[in-house]
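Notes for the structure review
Residues per chain, in single letters:
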Amino acid sequence: MLSSGLTLIFSMMGVLNFAHASFYMVGAYVAYSLVGVVGFWPALLLAPVLVGLLGAGFERFALRRVHKFGHVPELLITFGLSYVILELVQLIWGRTAVPFSPPEALQGSAFTIISSPAQGVSFVLGKAGPELCAAALCSTFPLTRAFMMLVALLMLVALWLLLTRTRVGLVIQASLTHPEMVEALGHNVPRVLMLVFGSGCALAALAGVIGGITFVTEPNMAAIVGSIIFVVVVVGGIGSLAGAFVGSLVIGLLQTLPLTVDASLASALTSLGVTVTPQTPGYPVLRLALKDVAQILPYLLMVLILIFRPKGLLGTRED
């Protein structure tokens, strides 16, 4: 969800928004404040709108003024905005986590996976009763994560349809490649780009609302996801919505699947008949289990992508 908003801004405007994760955090905090007034479901819609207006205002009065000076000033001003937003969030809501819990409709389990030697693997909607889990291994899948997956897919499909199947999408794409022609046809290009930036920030805020109820709403939440979304965009292909989707899946699997593997390079070499002892050169690295290095694997993949395929998995090469 985060990478789609970041990809939208970069593909349409050529701006790599370093404050994107900060808008994600603001979306969570704004929704938390609105829940006590209007409830969760209206807050789910209002928070992205308010944050989108904030992003559009930033583009209009700050980012647009430095656009003529090139990409470096754009990076610096969004980088500085992330620090300003962090300090404002801490001043308004404090430095500790806030109790932002999911609504009653999203509490509980979407389904339960039951694994037993006798009956194999089966799925039960909702939470399985204790009689089913008495002689089997049960694991539940939270409703909040299922809701997150559903919204992410709907967001991807909606963006693709908007950009490729509507007149608005054609105007947005043409504003980046042929702005003079678009202006000659009577469209306000600066306003179009402002709406694009605001829409990308609104998508980040929508992700923040759902991430806030799923994880923890705290000032550090932007830093937790800030670096990984850039990895997703680079791996998938900068400017490609399909690449953002594929990159998200690849990075998600790369972060989670190795957590169940205790094997290391030392054990692999031992299975091949190579003797590995503490005196073996590089032993401190060889003995690291795969689960211990799972968090750095996405960044290693990003380095390999930048070396061998700089455009990413689904990125297009510019002529």
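Residues numbered from 1 in each chain as written. Predicted model: local features only at pLDDT ≥ 70, side-chain atom pairs only at ≥ 80, totals over all residues. Heavy atoms only, no water.

**Concerning the packing of helix α2 (residues 20-38) against helix α9 (residues 189-214)**
Any two packed helices are characterised by the angle at which their axes cross and by the distance between the axes. Running from amino to carboxyl end, α2 crosses α9 at an angle of 55°, the nearest separation of the two axes being 7 Å. Judged by the inter-axis angle, α2 sits oblique to α9. For the pair α2 and α9, the sense of crossing is right-handed. Contact with α2, carried on its side by His20, Phe23, Tyr24, Gly27, Ala28 and Ala31, involves Gly200, Cys201, Ala204, Ala205, Ala207, Gly208, Val209, Gly211 and Gly212 of α9 and no other residues of that element. Here the contact of α2 with α9 is composed, by residue class, of 9 nonpolar, 6 polar and no charged. (Axes fitted to C-alpha atoms, helices over the stretch in contact; angles between N-to-C directions. Helix = DSSP H or I, 4+ residues; strand = E, 2+ residues; numbered from the N terminus. Parallel < 35°, antiparallel > 145°, perpendicular 65-115°, else oblique. Left-handed = near helix turned anticlockwise from the far one by under 90°. Contact = heavy atoms within 4.5 Å. Nonpolar A, V, L, I, M, F, W, Y, C, P; charged D, E, K, R; others polar.)

**Digging into the layout of surface pockets**
Space inside the largest pocket adds up to approximately 1400 Å³. As for the largest pocket, its lining consists of 36 residues, and the residues nearest its centre are Met1, Met148, Phe215, Ser248 and Gly252. Elements with a minimum of two residues in the lining of the largest pocket: α1 (2-13), α6 (143-165), α9, α10 (221-236) and α11 (241-256). In terms of residues, the lining of the largest pocket owes the most to one element, α11, which gives 9 residues. For the lining of the largest pocket, the per-class residue count stands at 26 nonpolar, 8 polar and 2 charged. (1 Å grid on protein atoms, 1.4 Å probe; cavity = no way out; pocket = protein on both sides within 12 Å on 5 of 7 lines; lining within 4 Å. Points joined across faces, edges and corners; volume = space filled by probe spheres on them.)

**Considering the nonpolar core**
Counting 72 residues, the largest nonpolar core has Met13 and Phe23 as its most contacted members. Counting residues per element, this core draws most heavily on α9, at 14 residues. Aside from chain neighbours lying at most four places away, what touches Met13 is Glu59, Leu176, Leu193, Val196 and Phe197. (Core = buried A, V, L, I, M, F, W, Y, C linked by side-chain atoms within 4.5 Å. Buried < 20%, exposed > 50% of the residue type's maximum accessible area, 1.4 Å probe, protein only.)

**Concerning a nonpolar patch on the surface**
Together, Val37, Val38, Leu46, Val49, Leu50 and Leu53 give the surface a local cluster of nonpolar side chains, amounting to about 540 Å² of exposed area. The element best represented in the nonpolar patch is helix α3 (residues 40-67), accounting for 4 residues. Residue placement: Val38 occurs in helix α2. (Patch = residues over 30% accessible without salt bridge, like charges linked within 9 Å, V, L, I, M, F, W, Y side chains within 5 Å. Areas by Shrake-Rupley, 256 points an atom, 1.4 Å probe, with all protein chains shown as cover. Salt bridge = Lys/Arg side-chain N within 4 Å of Asp/Glu carboxyl O.)

**A short note on the packing of aromatic side chains**
For the coordinates displayed, the defined rule picks out 8 aromatic pairs. Judged by centre distance (5.1 Å) and plane angle (80°), the rings of Phe40 and Trp41 are edge-to-face. We classify Phe40 as buried; its relative accessible area is 8%. The class for Trp41 is partly exposed, based on a relative accessible area of 41%. (Phe/Tyr/Trp six-rings, centres within 6.5 Å; stacked < 30°, edge-to-face > 60°.)

**Observations regarding the confidence of the model for the protein chain**
Chain-level statistics for the protein chain give a pLDDT mean of 87 and a share of 94% at 70 or above. Within the protein chain, the lowest mean pLDDT, 64, falls on helix α5 (residues 130-133), and the highest, 95, falls on α2. (pLDDT = per-residue confidence, 0-100.)

**Let's talk about the UniProt feature "transmembrane region" (unreviewed entry) in the protein chain**
In this numbering, the UniProt entry assigns the feature "transmembrane region" (unreviewed entry) to residues 31-54, 75-93, 146-163, 192-216, 228-254 and 288-308. Along residues 75-93 the backbone is 100% helical and 0% strand, and the end-to-end C-alpha distance reaches 27 Å. What you have in residues 146-163 is 100% helix and 0% strand, and the ends, taken at the C-alpha atoms, are 26 Å apart. (UniProt positions renumbered as here; feature names shortened; annotations may be inferred.)

**Quick look at the environment of Ile305**
Position of Ile305 relative to the elements: it lies in helix α14 (residues 297-308). For Ile305, a relative accessible area of 9% puts it in the buried group. Measuring from C-alpha to C-alpha, the distance between Ile305 and Gly236 comes to 9.3 Å, with 69 residues separating the pair along the chain. Every residue in contact with Ile305, bar those within four places of it in the chain, is listed here: Val234, Val235, Pro310, Gly312 and Leu313.

**Points about helix α7 (residues 167-177)**
Within α7, the full set of buried residues consists of Gly169, Val171, Ile172 and Ser175. Each buried residue of α7 sits inside an arc of 160° when the element is viewed along its axis, so together they form one side. Relative to its buried face, α7 has exposed residues pointing more than 90 degrees away, namely Arg167, Leu170 and Thr177. Looking at the buried side of α7, the elements it contacts are α1, α6, α8 (179-184) and α9. (Arc of directions from axis to C-beta.)

**Brief notes about the side chain of Thr78**
Within the element layout of this structure, Thr78 appears in helix α4 (residues 71-93). Thr78 gets classed as buried once you look at its relative accessible area, which sits at 0%. Only 2.9 Å separates the side chain of Thr78 from the backbone oxygen of Leu75, close enough to count as a polar contact. Other than its neighbours up to four places away in sequence, Thr78 contacts Leu16, Asn17, Phe18, Ala19, Phe58 and Leu63. (Polar contact = N/O pair within 3.5 Å; in protein donor to acceptor, adjacent residues only side chain to side chain.)

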